[in-house]
Amino acid sequence: VKARLDVEREVGVRTLRVSLLHEVQAMNPEQRPLGPGGSLNALLFGRDDGQYFSVTGAEMTLLPHAGARPDRELRLYAERHRALDLETRFALGSWLQGDAAFRANARAAAADEVGLAFLWRAGAGRAELGRYTSVEVQGRAGSVRSRDLAGPEGAMGRLAVTARTAQAFSERWQFGAEAAVGQGWGALTPQREWYLGGVRTVRGYAGGIRSGRSMVRGRVEVARGFEAARWALFSDLGWAGDDFDARFDETLWSVGVGASLLEGLVRLDLARGLRGPGAGWRLDLHLDGLL
């Protein structure tokens, strides 16, 4: 059962939204598993790259006014978290591929969390011209009270910075890159850790294949073509663990080729994971551009 009630009001040049909610959320929201792209991959390939938990609570969010660019967000929230068990019994894609096993959902901690979350974006250039650079900062700080006997309790926080750039060398050639780093502190529950794997983080791996309190990742891409149709070569790299104790043999690394239509609105990526757990071939179809 999912339910959400939002009430919005314009306050000066800002929008104030008050929400009551009971819904499923993703531990790896960067993957956008609950969007149309995730649903399409589940239908066609019989897999789900999301890791999920249940959230019941209330929040108050301050946003730019309607019609303005969504470049900042401030949210005060109080939530109760619960773990979710995998209940999938049959998927057409898995059956056609002869694989009836389904990947287990990561186990969230049963906890109450009160905190403050923020998002800030800034950019320069024009994406429609293929030349832009942007920086995104997101974080949260709060207090966790566990309902598990051995669960984490106390203050917690996390912060991530993501930078993206795309540069058109000519009418047909374009270069893109993305880099991100994240760190968590204190009583961080599993649902607040960083998760890597999947089309939005490291292609060639299942969603959430690696997780931890620290994260660093990057990707580069060279594309050729026009807005209507374009092909690309890319490589992704990522690591997640505890306190940046990174070792090369634990790093996810992949290479691949992609094709897109309609300025990246529809994209198909074939990636090969080269190192780390679950390395192999992956084909992903998604409905938004990567860079």
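All values reported here derive from a predicted model rather than from experimental measurement.

Participant: Looking at this structure, how should I read the overall build of the chain?
Facilitator: In terms of helices and strands, the chain carries two helices and 15 strands. A total of 291 residues make up the chain; the buried ones form 43% of that total. Per element, the accessible surface of the chain, about 15100 Å² overall, is 61% carbon and sulfur.

Participant: When you look at the side chain of Arg203 in this model, what are you seeing that I'm missing?
Facilitator: You can see Arg203 is positioned in the loop between β9 (194–196) and β10 (210–212). Among the polar contacts made by the side chain of Arg203, one reaches the side chain of Asp269 at a distance of 3.4 Å.

Participant: Please explain the pairing of strand β13 (residues 252–261) as it appears in this structure.
Facilitator: Looking down a regular strand, the side chains alternate between one sheet face and the other. Residues of β13 alternate between two faces, with Leu252, Ser254, Gly256, Gly258 and Ser260 buried on one and Trp253, Val255, Val257, Ala259 and Leu261 left unburied on the opposite face. Relative to β13, strand β12 (residues 229–241) runs antiparallel, the two being bridged by 10 bridges. Residue Leu237 lies in a different strand from β13, and its bridge partner there is Trp253. Linkage of β13 to strand β14 (residues 266–275), two consecutive antiparallel strands, is achieved through a turn of four residues, within which Leu262 is found at a positive phi near 55°.

Participant: Just to check I follow, could you spell out the side chain of His286 for this structure?
Facilitator: If you trace the backbone, His286 turns up in strand β15 (residues 281–286). Within the structure, His286 has its side chain in polar contact with the side chain of Asp269 (distance 3.0 Å). Setting aside residues no more than four positions away along its own chain, His286 makes contact with Val199, Leu265, Val266, Arg267 and Asp269.

Participant: Just to check I follow, could you spell out the confidence of the model for the chain for this structure?
Facilitator: Caution applies to low-pLDDT regions: their predicted coordinates should not be interpreted in detail. Model confidence for the chain is summarised by a mean pLDDT of 86, while 88% of its residues fall at 70 or above. Least confident of the elements in the chain is helix α2 (residues 92–96), whose mean pLDDT is 54; most confident is strand β4 (residues 72–83), at 96.

Participant: Help me understand the pattern of salt bridges in this model?
Facilitator: As a working rule, side chains carrying opposite charge can pair if their charged atoms are close by. Applying the stated rule across the entire model yields 26 salt bridges. The shortest N-O distance in the salt bridge between Glu136 and Arg164 comes to 4.0 Å. Of the two residues, Glu136 sits in strand β6 (residues 131–146) while Arg164 sits in strand β7 (residues 154–168), which places them 28 residues apart along the sequence. Arg164 gets classed as buried once you look at its relative accessible area, which sits at 18%.

What counts, and at which threshold
Residues numbered from 1 in each chain as written. Predicted model: local features only at pLDDT ≥ 70, side-chain atom pairs only at ≥ 80, totals over all residues. Heavy atoms only, no water. Helix = DSSP H or I, 4+ residues; strand = E, 2+ residues; numbered from the N terminus. Buried < 20%, exposed > 50% of the residue type's maximum accessible area, 1.4 Å probe, protein only. Areas by Shrake-Rupley, 256 points an atom, 1.4 Å probe, with all protein chains shown as cover. Polar contact = N/O pair within 3.5 Å; in protein donor to acceptor, adjacent residues only side chain to side chain. Pairing = 2+ DSSP bridges. Contact = heavy atoms within 4.5 Å. pLDDT = per-residue confidence, 0-100. Salt bridge = Lys/Arg side-chain N within 4 Å of Asp/Glu carboxyl O.

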